[in-house]
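Chain residues, written in single-letter form:
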Amino acid sequence: MPWAARFAASLALVSLVELLLAEVLPVAGRTVDLFVLLVVLSSLAGNSLQGVTGGLATGLVQDTLSASPFGLHGLACCVVGYGVARLSQRVDTSQRMVAGLLVAVGTLVHQAIVLGLLTALEVGEVSGGAVPLRVVATTAVGVPGLWLFNRARAWVDERRTLKEGRARPR
Amino acid sequence: MSERRVAILFAVAVTLLLASLTAQSPERAGDVALWVEAPAKGLVAAAGDVANRMREGWRTRARLERENEALRGRLRELETAHAAALGAELEVDLLSAPLGYARPRDVELLLADVVYVDYHSWRRSAILRLPHGNAGAEWARRPVTTVDGLLGRVVAAGGDYARVLLVTDRDSSVGAMIERTRRQGIVRGTEEAGVLSLAYVPVQVDVRPGDRVVTAGIDGVFPRGIPVGTVISVESSGDQFHEIKVAPRVDLGSLSHAFVWRRDPVPEAVMDGADAVGR
């Protein structure tokens, strides 16, 4: 499956989970930002172009689902996606500590951009008190999520290798 | 896609999103635009300053190079003239030895402070303070100059002081000549404080504004070749002599020091005798 299709599927899944969380457990929906998580994780595994496009698409979907001004999360996620993709080319992302740090920094930057733009444009409610909690919660969810993501990717790669081995003519 | 293109794509996306956001908040759009524009304008202004400084530096350098080249040329000319003068001096020495001609001995100059100057009133004069022990009646009629040219002559001395009759005084007369043509005349002071007249130059003589006037060494007081001034106007009103106005070389408004020449003038008795012979 090409990267765009996989990313679109992941985005759809994250959107669904966010919508469900907003209905079932609103506090969790407001605390953990799964969209940022998706942007960071996809940027860690991809290149700069995938970071920019993935971040932009994710942010615009988030803008569509939320009541924020259109483009607010698009801009923030685009910056985070591009930044994390460029950073991941310079650091060893296989280390759990580094990956966790990137998730935390990405979430923090995202929140800072959103709050800064809201303040500058005066187009929405500004509440900076929840930012540390969001950063910690998103990072706490992101690190195991990254581990699961890596495991799932390894499993898919293993399955693909096995499948190709069986299909090879003897 | 190369990293540069991705960066451009990223910048375009961010710009478009910012534009979209500002469009949703028109009242703050100006501020946001200012945030974006101000650093860009600052960068442009800084680049302009750098470019201006570089251009100015280049112009200054070009001007200095031209000046330097001109000065080098002038130096070469002067060196050539100096070498020619040294050669002429040597030649004069060689030729004068068999004739028994003795060149005037070198002149000593005595530096004096100018303590009083009056160059506007009826009697235009200055008072010099001479180094202690140098003043005396024997200083009368000694030439006085500055670094620029002729100032006048000593008319009285007493104590450590000497009174100088300025070249611009109406009673002052100096034997002078036009340097370019060597034609001689008499320089006198005029009614105007800063103007001299050069008299007794026939109308047939070529005189032009800008000609340098120097002492002619024919008056028994001033040695030859001291700069007196520059011709500023020449009029020929039908008489047999030009009416020549000369601007003095020395700026009387900025006097501070002067040189008194130790050279002995021709004794007055001899001058009187010459007058008697002339009669």
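In this report, the structure presented in the accompanying data block is examined. (Residues numbered from 1 in each chain as written. Chains lettered and ligands numbered in written order. Predicted model: local features only at pLDDT ≥ 70, side-chain atom pairs only at ≥ 80, totals over all residues.)

**Structural notes on helix H6 (residues 96–121) of chain A**
All names here are of chain A.
Consideration 1: With 26 residues, H6 extends 37 Å between its outermost C-alpha atoms, agreeing within 8% with the 38 Å of an ideal straight helix rising 1.5 Å per residue.
Consideration 2: Within H6, burial applies to Ala 99, Leu 102, Val 103, Gly 106, Thr 107, His 110, Gln 111, Val 114, Leu 117, Leu 118 and Leu 121.
Consideration 3: Positive backbone phi, at 55 degrees, marks Glu 122, one or two positions downstream of H6. (Helix = DSSP H or I, 4+ residues; strand = E, 2+ residues; numbered from the N terminus. Expected span 1.5 Å × (residues − 1). Buried ≥ 20, exposed ≤ 12 C-beta atoms within 10 Å, placed from the backbone.)

**Here's the deal with the interface of chain A and chain B**
How big an interface is tends to be stated in terms of the accessible area lost upon association of its parts.
Consideration 1: At the interface, 18 residues of chain A touch 17 residues of chain B.
Consideration 2: Counting only elements with at least two residues in the side of chain A that touches chain B, the list comes to helix H4 (48–65), helix H5 (72–88) and H6 of chain A. (Contact = placed C-beta atoms within 7 Å.)

**Observations regarding the sheet that holds strand E6 (residues 173–178) of chain B**
All names here are of chain B.
Consideration 1: Taken in spatial order, the six strands of this closed barrel run E6-E7-E8-E11-E10-E9, and their pairing is antiparallel. Across this sheet, the average inter-strand angle for adjacent strands is 40 degrees, counted without regard to direction.
Consideration 2: Bridging between strand E10 (residues 227–235) and strand E11 (residues 243–248) involves six bridges; their strand directions are antiparallel. Paired with Val 234 across the two strands is Ile 244, which belongs to E11. (Pairing = 2+ DSSP bridges. Axes fitted to C-alpha atoms, helices over the stretch in contact; angles between N-to-C directions.)

**Description of the packing of H4 of chain A against H5 of chain A**
Residues and elements named next belong to chain A.
Consideration 1: Where H4 meets H5, the axes come as close as 7 Å, and the angle between the chain directions of the two elements is 155 degrees. What the angle tells us is that H4 and H5 run roughly antiparallel. In this structure, the crossing between H4 and H5 has a hand that is right-handed.
Consideration 2: Of the residues assigned to the contact of H4 with H5, the class counts are 12 nonpolar, 11 polar and two charged. (Parallel < 35°, antiparallel > 145°, perpendicular 65-115°, else oblique. Left-handed = near helix turned anticlockwise from the far one by under 90°. Nonpolar A, V, L, I, M, F, W, Y, C, P; charged D, E, K, R; others polar.)

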